[in-house]
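Secondary and tertiary structure notes
If you want the building blocks of each chain, they are given just below.
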Amino acid sequence: MIASNQNTEFARGLEGVVAAETRIGFVDGINGRLVYRGYNIEELAESSTFEEVTYLLLYGKLPNKSDLANFKNKLNADNHFDDKLFRVLQDCTKGSHPMSALRTGVSYLGGLDKNSNKSDLASQESMGLKLMGKFPSLVAAINRAYSGHEMIKSNEPDYTVRFLEESFGKKPSEFEVKVFRTALILHADHGMNASTFASMVAISTLSDMYSAVTAAISSLKGPLHGGANEQALELLERIGSAKNADKIVGEMLEKKEKIMGFGHRVYKVYDPRAKILKGYAKDLAKHTGKSELFETAEEVEKVMISKLGTKGIFPNVDFYSGIVYKSLGFDPKLFTPIFALSRISGWFARSLEYLHDNRLFRPRSMYKGEVGPIKYVPLEDRK
Ligand code: ACO
């Protein structure tokens, strides 16, 4: 017999379910707009720094000069970690994906913070700031460990510049900073996506900010979410040239395979972030003189839109971000940790916002099994 006392509505994957209110960001999937606290993403990407955008997400307004200086001081007050953690990161990057190292690194830092058993708002905020301050060095150290190099420590106070310096051991050019900073801003927040939701579920139990970020990293790792850009680039490299796009993409679609970097649960039009990143991918192709990858991507986009555009399938942010990161010199295995380097501001802001009016997340599942009662048979009598 099937359970009959469940007259609730069932939404697979919680699709369409509204489970929280927010003032932080709005994804307009019909009109292809992304808004942080009322500001269009295009304008923020063009004119802001990542720290200004993080401040905006956290506190609801753009900082003035003194707000920004104070905020950066807080982020940089305790922004490094010791070599012991680097050795752990080296061990974690030997056989597994760098996202596993990031998950372990955040959890390790939480274990070292004596305040991480506190759940009041001020402690959560201070944990979040401390963790964010360490994030550029943490992700850069994972990059160094993964590529077999020692860690580099820089005193640079800017989030973007410090990350690039500690990743590559040299001063980045203004153009590199501009492109990378834009990518960070574009990925900072995006509604109640899987990783943000995971962080909010963890914080709703009155757990701590390190745990919330660890939960978020765990769900960002998957190829249906943050892992898509790595796989999108792998596909482009496999396609190899624009002239192969039609055949290979066509064959994949016939086999019902997903083309990574296309489609979105909310956007049914062109993802506004993808538009901006496409422009930078094109600029970088010119800048580096290596245009084949970009040309292949443009052709894949054309094929996909001609075949699936009517179903609302267009490039998402992950389609062009991989080309941008690769052109800047990053190994594809670092793409998802770079996503986390940015999205931590959304996880942090939304977890903190949720705590102001906290309610434990506790959905239900539709029981489809036997309700019995089936007679229990002792182990020795079971056939
Ligand atoms: N490649 C091929 N076909 C696709 C793709 C794709 N990338 N995305 C959707 N479709 C197909 C679906 O199979 C479905 O086909 P059907 O009508 O024959 O059943 C149709 O298009 C409509 O799909 P949706 O219902 O709109 O897609 P859904 O909301 O279920 O999935 C998702 C969204 C998971 C993102 C999906 O598009 C996908 O798997 N994309 C590839 C992974 C990816 O790029 N993820 C990154 C998302 S952005 C981010 O997390 C940062």
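The sections below set out a description of the structure shown in this document. Numbers given to residues run from 1 along each chain, matching the order in which its sequence is written. The predicted origin of the model limits local features to residues at a pLDDT of at least 70 and limits the giving and counting of side-chain atom pairs to 80 or more, whereas totals for whole chains, interfaces and linings rest on all residues. To obtain the side-chain values, all non-hydrogen atoms of the structure were used and water was disregarded.

Attention shifts here to the overall build of the chain. The secondary structure listing takes helices from DSSP runs of H or I that are at least 4 residues long and strands from runs of E that are at least 2 residues long, numbered from the N terminus. A count of helical and extended segments in the chain gives 16 helices and 3 strands. Scaling as 2.2 N^0.38, a compact globule of 383 residues should have a C-alpha radius of gyration of about 21 Å, and the chain matches this with 22 Å. Counting only C-alpha atoms and orienting by the principal axes, one finds that the chain spans roughly 70 × 55 × 45 Å. For every residue, the accessible area (1.4 Å probe, protein chains only) is compared with the maximum for its type, and the residue is labelled buried under 20%, exposed over 50%, or partly exposed between those bounds. For the chain, buried positions account for 52% of its 383 residues. Of the contacts made within the chain by residues no fewer than 6 positions apart, 75% connect residues no fewer than 24 positions apart. Taken as a whole, the chain presents about 19,000 Å² of accessible surface, with 51% of it coming from carbon and sulfur. In this charge count, Lys and Arg are treated as positive and Asp and Glu as negative; neither His nor the chain ends contribute. To locate a charge, take NZ of a lysine, CZ of an arginine, CG of an aspartate or CD of a glutamate. When the 52 basic and 47 acidic side-chain charges of the chain are each reduced to a single mean position, those positions are 3 Å apart. The globule rule used for comparison is 2.2 Å times the number of residues to the exponent 0.38, while the radius of gyration itself is calculated over C-alpha atoms. Residue contacts are counted whenever heavy atoms from the two residues lie within 4.5 Å of one another. Values of accessible area rely on a 1.4 Å probe in the Shrake-Rupley scheme; residue burial ignores everything except the protein chains shown.

The next subject is the pattern of salt bridges. For this analysis, a salt bridge means a side-chain nitrogen from Lys or Arg found within 4 Å of a carboxyl oxygen belonging to Asp or Glu. Here the structure, examined in full by the defined rule, presents 19 salt bridges. A salt bridge links Asp 83 to Lys 153; the shortest N-O distance between them is 4.0 Å. Separated by 70 residues along the polypeptide, Asp 83 in helix H4 (residues 83-95) and Lys 153 in the loop between helix H6 (121-146) and helix H7 (159-168) bring together distant segments of the chain. Relative accessible area serves as the criterion here: at 39%, Asp 83 is assigned to the partly exposed category. In this structure, Lys 130 and Asp 113 form a salt bridge, with 3.3 Å as the shortest nitrogen-oxygen distance. In this pair, Lys 130 is assigned in helix H6 and Asp 113 in the loop between helix H5 (98-112) and H6, connecting sequence segments 17 residues apart. Taking relative accessible area as the criterion, Lys 130 reaches 28% and is therefore assigned partly exposed.

We now examine the packing of aromatic side chains. Two rings from Phe, Tyr or Trp (for Trp, the six-membered ring) form a pair when their centres sit within 6.5 Å of each other. Planes less than 30 degrees apart are called stacked, planes more than 60 degrees apart edge-to-face, and all others tilted. Going through the model one piece at a time under the given rule, you end up with 16 aromatic pairs. Centre to centre, the rings of Phe 50 and Tyr 159 are 4.8 Å apart; their planes meet at 40°, and the pair counts as tilted. In this pair, Phe 50 sits in helix H2 (residues 50-59) while Tyr 159 sits in helix H7, placing the two residues 109 residues apart along the sequence. For Phe 50, a relative accessible area of 0% translates into the label buried. With a centroid separation of 4.6 Å and 55° between ring planes, the pair formed by Phe 262 and Phe 319 is classed as tilted. Pair noted here: Phe 262 is in the loop between helix H12 (245-254) and helix H13 (272-288) and Phe 319 is in helix H15 (residues 317-327), with a separation of 57 residues, a long-range link. Like Phe 319, Phe 262 is buried.

To continue, consider the site of the ligand. The immediate surroundings of the ligand are formed by 22 residues, with His 225, Ile 259, Gly 261, Phe 262 and Arg 265 found nearest. Side-chain atoms alone can form a polar contact between residues adjacent in sequence; in general such a contact is a pair of N or O atoms within 3.5 Å, and within protein one must be able to donate a hydrogen while the other accepts it. Between the ligand and Phe 262 there is a distance of 2.8 Å, counted from a nitrogen atom to a backbone nitrogen or oxygen. Interatomic distance of 3.0 Å between a side-chain N/O atom of Lys 311 and an oxygen atom of the ligand. Against a free-state accessible area of 940 Å², the protein chains account for coverage of 74% of the ligand. Only helix H14 (292-308) and H15 provide two or more residues apiece to the shell around the ligand. Throughout, the ten residues Ala, Val, Leu, Ile, Met, Phe, Trp, Tyr, Cys and Pro are labelled nonpolar, Asp, Glu, Lys and Arg are labelled charged, and all others, Gly among them, are labelled polar. Grouping the constituent residues of the shell around the ligand by class yields 11 nonpolar, 5 polar and 6 charged. Working definition: residue near molecule or strand if any one of its non-hydrogen atoms lies within 4 Å of it.

In this section: the environment of Ser 199. One can find Ser 199 in helix H9 (residues 194-204). For Ser 199 and Thr 8, which are 191 residues apart along the polypeptide, the C-alpha to C-alpha distance reads 26 Å. For Ser 199, the residues in contact, after removing those within four places along its chain, are Ala 212, Ala 216, Trp 347 and Ser 351. A distance of 3.4 Å separates a polar atom in the side chain of Ser 199 from a polar atom in the side chain of Ser 351.

Counting through the fold element by element, Gly 263 comes out in the loop between H12 and H13. The exposure class assigned to Gly 263 is buried, which follows from its relative accessible area of 17%. Every residue in contact with Gly 263, bar those within four places of it in the chain, is listed here: Ile 313, Phe 314 and Asn 316.

Once that is clear, we can look at the sheet that holds strand S1 (residues 25-28). The antiparallel open sheet is built from 3 strands, whose spatial order is S1-S2-S3. A strand with exactly one partner marks an edge of an open sheet, and here the two such strands are S1 and strand S3 (39-40). Alignment of S1 against strand S2 (residues 33-36), held across 4 bridges, turns out to be antiparallel. Opposite Asp 28, over in S2, you have Arg 33 as the bridge partner. A pair of strands is considered paired only if DSSP assigns at least 2 bridges between the two.

What follows deals with the environment of Tyr 108. Here Tyr 108 shows up in helix H5. Taking relative accessible area as the criterion, Tyr 108 reaches 25% and is therefore assigned partly exposed. With near-sequence residues (within four places) excluded, Tyr 108 lies in contact with Lys 84, Leu 85 and Val 88.

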